Amino acid sequence: MISGRFGEIGELIFEIELIATDGGKFSLDVLLDTGFTTGLLVLDTQDAESLRWALIERNRTVQMARGEELFDIYQGILVLDQQEYIIPVVASLEIREPLLGLQWLKMLPLAVNFAAGVLTLG
């Protein structure tokens with residue numbers, strides 16, 4: 001189980017670890033976005049490329065809150081709740097902040113209690 005924190009307006013923020021192709025590990029704060037229903041992780045393309053992740057597909061149409069957009073798909077590696085996952089990562093040059101998608105909630109339980117200040121995933 002990983003503990004998260006609440007953002008200024010109640011956003012659900014978690015720290016995850018990304019693993020580069022060379023084995024380097026990098027921590028990153030991500031926003032859990034329950035509106036992002038079509039994937040597991042969204043990153044800026046520069047982040048995916050700096051990790052030297054393999055490009056799987058170019059210009060896939062993905063449904064986002066703003067409508068359908070074109071993204072590249074990378075094979076990424078991340079650690080969440082002490083478990084390593086190899087996942088498809090949606091990437092674009094226009095990503096302002098990294099997002100975890102709703103699909104994680106099909107695999108890991110989420111506990112949110114604003115009053116008690118409790119936020120956990122896993």
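Residues numbered from 1 in each chain as written. Predicted model: local features only at pLDDT ≥ 70, side-chain atom pairs only at ≥ 80, totals over all residues. Heavy atoms only, no water.

**Topic: unusual backbone geometry**
Then, number 1: Although it is not a glycine, R52 sits at a positive phi angle of roughly 60 degrees.
Then, number 2: As for its placement among the helices and strands, R52 is situated in the loop between α1 (45-50) and β6 (54-64).
Then, number 3: Owing to a relative accessible area of 66%, R52 belongs among the exposed residues under this scheme.
Then, number 4: Despite not being glycine, N59 has its phi angle at roughly 55 degrees, a positive value.
Then, number 5: With respect to the helices, strands and loops of the structure, N59 is situated in strand β6. (Helix = DSSP H or I, 4+ residues; strand = E, 2+ residues; numbered from the N terminus. Buried < 20%, exposed > 50% of the residue type's maximum accessible area, 1.4 Å probe, protein only.)

**Some details on the sheet that holds strand β11 (residues 118-121)**
Then, number 1: Sheet architecture is open: three strands sit in the order β1-β11-β10, paired in antiparallel fashion. The two strands at the open ends of the sheet, each matched to only one other strand, are β1 (2-3) and β10 (110-113).
Then, number 2: The pairing of β1 with β11 spans two bridges and is antiparallel. In the sheet register, S3 faces β11, and the bridge partner there is T120. (Pairing = 2+ DSSP bridges.)

**Some words on the side chain of D44**
Then, number 1: Along the polypeptide, D44 turns up in strand β5 (residues 41-44).
Then, number 2: R96 provides the closest opposite charge to the buried, salt-bridge-free D44, at an N-O distance of 9.4 Å.
Then, number 3: A distance of 2.8 Å separates a polar side-chain atom of D44 from the backbone nitrogen of Q46.
Then, number 4: When near neighbours in sequence (up to four residues on either side) are disregarded, D44 contacts A91, S92, L93, E94 and I95. (Lys, Arg positive; Asp, Glu negative; His and termini not counted. Salt bridge = Lys/Arg side-chain N within 4 Å of Asp/Glu carboxyl O. Polar contact = N/O pair within 3.5 Å; in protein donor to acceptor, adjacent residues only side chain to side chain. Contact = heavy atoms within 4.5 Å.)

**Let's talk about the pattern of salt bridges**
Then, number 1: Under the counting rule described, the total for this entry stands at three salt bridges.
Then, number 2: With a shortest N-O distance of 2.7 Å, D29 and R5 are connected by a salt bridge. One end of the pair, D29, is in strand β4 (residues 25-33); the other, R5, is in strand β2 (residues 5-6), with 24 residues separating them in the sequence.
Then, number 3: The exposure class assigned to R5 is partly exposed, which follows from its relative accessible area of 42%.
Then, number 4: Here R60 ties to E57 by a salt bridge, and the two come within 2.7 Å at their closest N and O atoms.
Then, number 5: Here E57 falls in the partly exposed class, since its relative accessible area comes to 28%.

**Focus: the packing of aromatic side chains**
Then, number 1: For the structure shown, the criterion picks out two aromatic pairs.
Then, number 2: Note on Y85 and W104: the rings are 4.9 Å apart at their centroids and 80 degrees apart in plane angle, and the pair reads as edge-to-face. Of this pair, Y85 sits in strand β8 (residues 83-92) while W104 sits in the loop between β9 (99-101) and β10; the two residues are 19 residues apart in sequence, bridging distant segments of the chain.
Then, number 3: With relative accessibility at 17%, the residue Y85 sits in the buried group. (Phe/Tyr/Trp six-rings, centres within 6.5 Å; stacked < 30°, edge-to-face > 60°.)

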